[in-house]
Amino acid sequence: MSDHQETDERKISNQFVRACAEGRHDDVLLMIAEGVDLDQFDEGFKEGDWQCTDGNEPNSFMQNGLQMAIRNKDMTLLRILDQAGADFAFKEDKWIPDPENEGKNKKAKVTADLLGDMAHAGFYEGFLYLLSHKGFTLPTDSDARGNLLLSAISGGSMDECEESGSRFSLVEYLIDEQGFDVHYIDDRNRRPLSEAVGRETDSAILKFILSKGVDPNYDNRVVPKYKISFSDMFKDSVDDQMPGGFSLFERMGNVMKKYSNTPLNEAVFNAVMYSGREDEQQDPETEKYLAELSPTEREREVQRMAKYRVRQKEIAGYSLEKVKMLLEHGADPYFKDNDGVCAMDYFYDDDAIEMGLVRGEAAKVVEGILQDWIDGKRDKPAQPKPYLN
C-alpha cells in the first residue's frame, strides 16, 4: 500500500467517525457500503472543528464510531454498527499499573470496557443491549459492581442537565433489579450518595438513593488516587498570567475543599457559588482575552461563556433542591466533618467572605433554609454574629 493510499484511508476513517459523532446515519450507511474500516480510530481533530450530537467537542484521545454511538446514546447507530460487524471487543490505549515500577503506570493495549462506557454515558438501552445481544455479563466482584454503579451515577458531562431519564433508569435497574449495593464505599471513600450530590444535574438520582435509607451525615472527602503537587504543576503558569495569582488560586481552593467534606456542605457550597451575582460585569482580563481572538473565535467563545453562565444558574438551582432534600432526609447543618467543620460555618468564615465566596442573595436564601430547619428541629446553638445580618 502506498503512503497516499494509507492517508486516504485514514481520511475516510476520520470522516466516518465524524459522521457517527454527528448522528448522520445515512452517511454512515453509505460509507459502510463502500467498505470503510468500522473499527479504526479517528486521528484527532482540532478543537472546535466539529461537535457531537450532545453539543460537546469530542475528547482529544482517539475514539471510534462505536464509542461515539455510546457517548451520544445513539441506539440506531449502535444497531447499524453491530449489523455491519463492528468489533465489540476492540483494544484501546489505557494507562494501567506497571508491575515493574510500583506506584507508576504504563500505557498498554487493553480490551475496551464497553459496559463501563455505557454506564458512564448513562446509556440504559445500550447497556441492556450489551447484556441481551452481545454476551456481556454483569460483574460479580463487589468492588467491580460498586465501581460500575458509581460510574453510572457520576458519569456524563456538565451539559447533561437532566438525569431523570436514561441515566436514572440505569441506576434504578442496577440497584432495584440487580441488587447493586447503595451503601458501597470504594477505597477512595466514594459512595453513591456523595456522587449523586456532586453531580451538576437535577436531583432525581439523589432522591432515589436517599429513599433507600442512606445516612447523609458523614465525611465524604475523596482520597486522591495519585499524589500530585498542584503547586509544581500550575504555580509558574498561573503566576505568569497574574503575578502572585497562584497564592490566591490556592487560597480559594482551600476554602472550596474545606466546605465540601459532607454531602450537605457540598450542596450548600454549590448552591451559593454557582449562583453568581446578578450584577456581575465582565472583568478587564476577560475583555483583553476576547480582544486578542479572531472574530470567529471570539464569537464562539462569547457563546460558550454565555452558555456556561446559564448552566451555572441551573446548577445552583439543582443544588438548592439537593440542600432541601438532604435536610428532609436527616442531614444536620451542625454535623461536623473530621476537621470539625459544619455547613453553617460557611456563612461565618472570614476567608470565604473576604474572597467573595459567600455570595449575597444566594447565601441569604441558603442560610435561611438551613435556619428554618434548625428552628423547627431544635434550639440553635450559640453562633458568632453572621455577616449577613
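Note: the structure precedes this text.
Residues numbered from 1 in each chain as written. Predicted model: local features only at pLDDT ≥ 70, side-chain atom pairs only at ≥ 80, totals over all residues. Heavy atoms only, no water.

Asks: How do you make sense of the nonpolar core when you look at a structure like this?
Replies: As a rule of thumb, soluble globular proteins bury nonpolar side chains together. In this structure, Phe 127, Tyr 346 and Phe 347 are the most contacted members of the largest nonpolar core, which totals 88 residues. When residues of this core are assigned to their parent elements, the largest contribution, 7 residues, is made by helix 13 (residues 263-273). (Core = buried A, V, L, I, M, F, W, Y, C linked by side-chain atoms within 4.5 Å. Buried < 20%, exposed > 50% of the residue type's maximum accessible area, 1.4 Å probe, protein only. Helix = DSSP H or I, 4+ residues; strand = E, 2+ residues; numbered from the N terminus.)

Asks: Honestly, the packing of aromatic side chains in this entry has me stumped. Any pointers?
Replies: For any two aromatic rings, the description comes down to two numbers: the centre-to-centre distance and the angle of the planes. One pass over the structure, following the stated rule, counts 7 aromatic pairs. Between Phe 41 and Phe 90, the ring centres sit 5.7 Å apart and the planes meet at 75°, which makes this aromatic pair edge-to-face. Here Phe 41, found in the loop between helix 2 (25-33) and helix 3 (65-71), pairs with Phe 90, found in the loop between helix 4 (75-83) and strand 1 (91-97); they are 49 residues apart in sequence, far enough to count as distant. Comparing Phe 41 with Phe 90, the two get one shared label, buried. Taking 5.7 Å as the distance between ring centres and 65° as the angle between the ring planes, the aromatic pair formed by Tyr 346 and Phe 347 counts as edge-to-face. Taking relative accessible area as the criterion, Tyr 346 reaches 1% and is therefore assigned buried. Through pairs of rings, three or more aromatic residues link up here, namely Tyr 259, Phe 269, Tyr 346 and Phe 347. Here the guanidinium or amino end of Lys 134 rests over the ring plane of Phe 88, the centre of that ring lying 4.6 Å away. Over the ring of Phe 180 we find Arg 145, and its NZ or CZ is 4.0 Å from the ring centre. (Phe/Tyr/Trp six-rings, centres within 6.5 Å; stacked < 30°, edge-to-face > 60°. Lys NZ or Arg CZ within 6 Å of the ring centre and 35° of its normal.)

Asks: Just to check I follow, could you spell out helix 7 (residues 142-154) for this structure?
Replies: Working note: α-helix, 3.6 residues per turn, so residues spaced by three or four point in the same direction. Given a rise of 1.5 Å per residue, 13 residues ought to cover 18 Å, and the 18 Å separating the end C-alpha atoms of helix 7 matches this to within 8%. The elements touched by buried residues of helix 7 are helix 5 (114-121), helix 6 (124-133), helix 8 (166-177), helix 9 (192-198) and helix 10 (204-210). Its side-chain oxygen 3.0 Å from the backbone nitrogen of Asp 143, Asp 141 forms the N-cap of helix 7. (Expected span 1.5 Å × (residues − 1). Contact = heavy atoms within 4.5 Å. Polar contact = N/O pair within 3.5 Å; in protein donor to acceptor, adjacent residues only side chain to side chain.)

Asks: What should I look at first to understand the pattern of salt bridges in this one?
Replies: Where side chains of opposite charge bring their charged atoms close, a pairing between them can arise. If you walk through the whole model with that rule in mind, you get 13 salt bridges. Among the ionic pairs, Lys 134 bridges to Asp 82, the shortest N-O distance being 2.8 Å. Taken as a pair, Lys 134 in the loop between helix 6 and helix 7 and Asp 82 in helix 4 lie far apart in primary sequence, 52 residues in all. By relative accessible area, which is 28% here, Lys 134 ends up partly exposed. Ionic pairing is found between Lys 364 and Glu 361, a salt bridge with its closest N-O pair at 3.6 Å. With Lys 364 and Glu 361 both in helix 17 (residues 360-377) and 3 residues apart, the pair spans about one turn of that helix. One network of salt bridges, in which partners are shared, links Asp 219, Arg 221, Asp 337 and Asp 339. (Salt bridge = Lys/Arg side-chain N within 4 Å of Asp/Glu carboxyl O.)

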